[in-house]
Amino acid sequence: AEEGALRLVQISAIGADSDAPSTYARTKGLGEEAVLEAFPTAMIVRPSIIFGHEDEFFNRFAGMARMAPLLPLVGASTRFQPVYVDDVAAAIQMGVTGRAEPGIYELGGPDVSTFRELMREMLVVIRRRGLVLNTPMPVAKLMGRAFDLVRNGTGGFIRPPLTYDQVVNLGRDSVVGDGVGTFADLGIR
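For the structure given in this document, a descriptive report is provided here. What you see is a predicted model; the values in this text were computed from it and never measured.

**Topic: the packing of helix α2 (residues 58-67) against helix α4 (residues 115-125)**
When two helices pack together, their arrangement is given by the angle between the helix axes and by the axis-to-axis distance.
And then number 1: At a minimum axis separation of 10 Å, α2 and α4 run at an interaxial angle of 65°. Handedness of the crossing formed by α2 with α4: right-handed. On α4, the residues touching Phe-58, Phe-61, Ala-62 and Ala-65 of α2 are Phe-115, Leu-118, Met-119, Met-122 and Leu-123.
And then number 2: Partitioning the contact of α2 with α4 into residue classes produces nine nonpolar, no polar and no charged.

**Quick look at the layout of surface pockets**
And then number 1: By volume, the largest pocket amounts to about 1300 Å³.
And then number 2: Lining the largest pocket are 39 residues; nearest its centre among them are Ile-49, Phe-57, Arg-60, Gln-166 and Leu-170.
And then number 3: Mapped by element, the contributors of at least two residues to the lining of the largest pocket are α1 (23-38), α2, β4 (70-74), α5 (137-153) and α6 (164-169).
And then number 4: Along the lines of polarity and charge, the residues of the lining of the largest pocket split into 21 nonpolar, nine polar and nine charged.
And then number 5: Quantified by volume, the second largest pocket comes out at close to 390 Å³.
And then number 6: Going through the elements one at a time, α2 and α4 are the ones with two or more residues in the lining of the second largest pocket.
And then number 7: Looking at the lining of the second largest pocket residue by residue, the class counts come to nine nonpolar, four polar and four charged.

**A closer look at helix α3 (residues 85-96)**
Along an α-helix, residues three or four positions apart point the same way, because every turn accommodates 3.6 residues.
And then number 1: The first and last C-alpha atoms of α3 sit 16 Å apart over twelve residues, in line with the 16 Å expected at 1.5 Å per residue.
And then number 2: Every buried residue of α3 is accounted for by Val-88, Ala-91, Ile-92, Met-94 and Gly-95. Taken down its axis, α3 places every buried residue within 155° of arc, on the same side.
And then number 3: Buried residues along α3 sit in contact with β1 (9-11), β2 (43-47), β3 (50-51), β6 (83-84), β7 (103-107) and α7 (183-186).

Conventions used here
- Residues numbered from 1 in each chain as written.
- Predicted model: local features only at pLDDT ≥ 70, side-chain atom pairs only at ≥ 80, totals over all residues.
- Heavy atoms only, no water.
- Axes fitted to C-alpha atoms, helices over the stretch in contact; angles between N-to-C directions.
- Helix = DSSP H or I, 4+ residues; strand = E, 2+ residues; numbered from the N terminus.
- Left-handed = near helix turned anticlockwise from the far one by under 90°.
- Contact = heavy atoms within 4.5 Å.
- Nonpolar A, V, L, I, M, F, W, Y, C, P; charged D, E, K, R; others polar.
- 1 Å grid on protein atoms, 1.4 Å probe; cavity = no way out; pocket = protein on both sides within 12 Å on 5 of 7 lines; lining within 4 Å.
- Points joined across faces, edges and corners; volume = space filled by probe spheres on them.
- Expected span 1.5 Å × (residues − 1).
- Buried < 20%, exposed > 50% of the residue type's maximum accessible area, 1.4 Å probe, protein only.
- Arc of directions from axis to C-beta.

Have a look at this one:
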C-alpha cells in the first residue's frame, strides 16, 4: 500500500478466524486482519482443499494407500468442498487484474463430501483396495501431542505425519460459508 500498489490478493483458507482454537486457522485470521488494516481494498481468497496434478492432499493419501491396506483418518466425518487448482488460479487472476470486487471469497467446488468419502473415491481412482478407518478424536489428540513432542525434541529434524494443531483443525468442516463472496460472484463455474 505504501508503494502505491493498486491491488492485493491474499490466499488464506476456509476457517480463517482470529479466535479459532487451531493455531493454523487463528494465524490465517490474524493475517487477514493485518492485510485488511493495511490494504482495505484487498481481495482475500479462502479455498477449501485444493486438488490438482501435484496437490499435497490427495497425493499424500494416495501414497499412504499404496504402502498399506489400512488408511487411518482423523476427522473422517469432517466435510470438505474440494476445489480445482485452476479455478482458484482464475479467481486470483481476476483479483490481480481488477476484474473482481475487493472482499473475502470462499472457494469450494460443486461437491461437499466427508473426508471418508473423499478417501474412498480416491482409492477407486488409484485402483487400490483399502480399509478407511476413523481415528477417534481423543486418540488423535494424544497422538498429535506425542508427535509434537518428537518434533520438538529433535529440533524439527523428524517431521511427524500429524500434529496436534492439524487434529484440532480437522475437527472443523472446510466448506463455503454464508456472507462471503463465492465462485458464483466471480462468474466462475
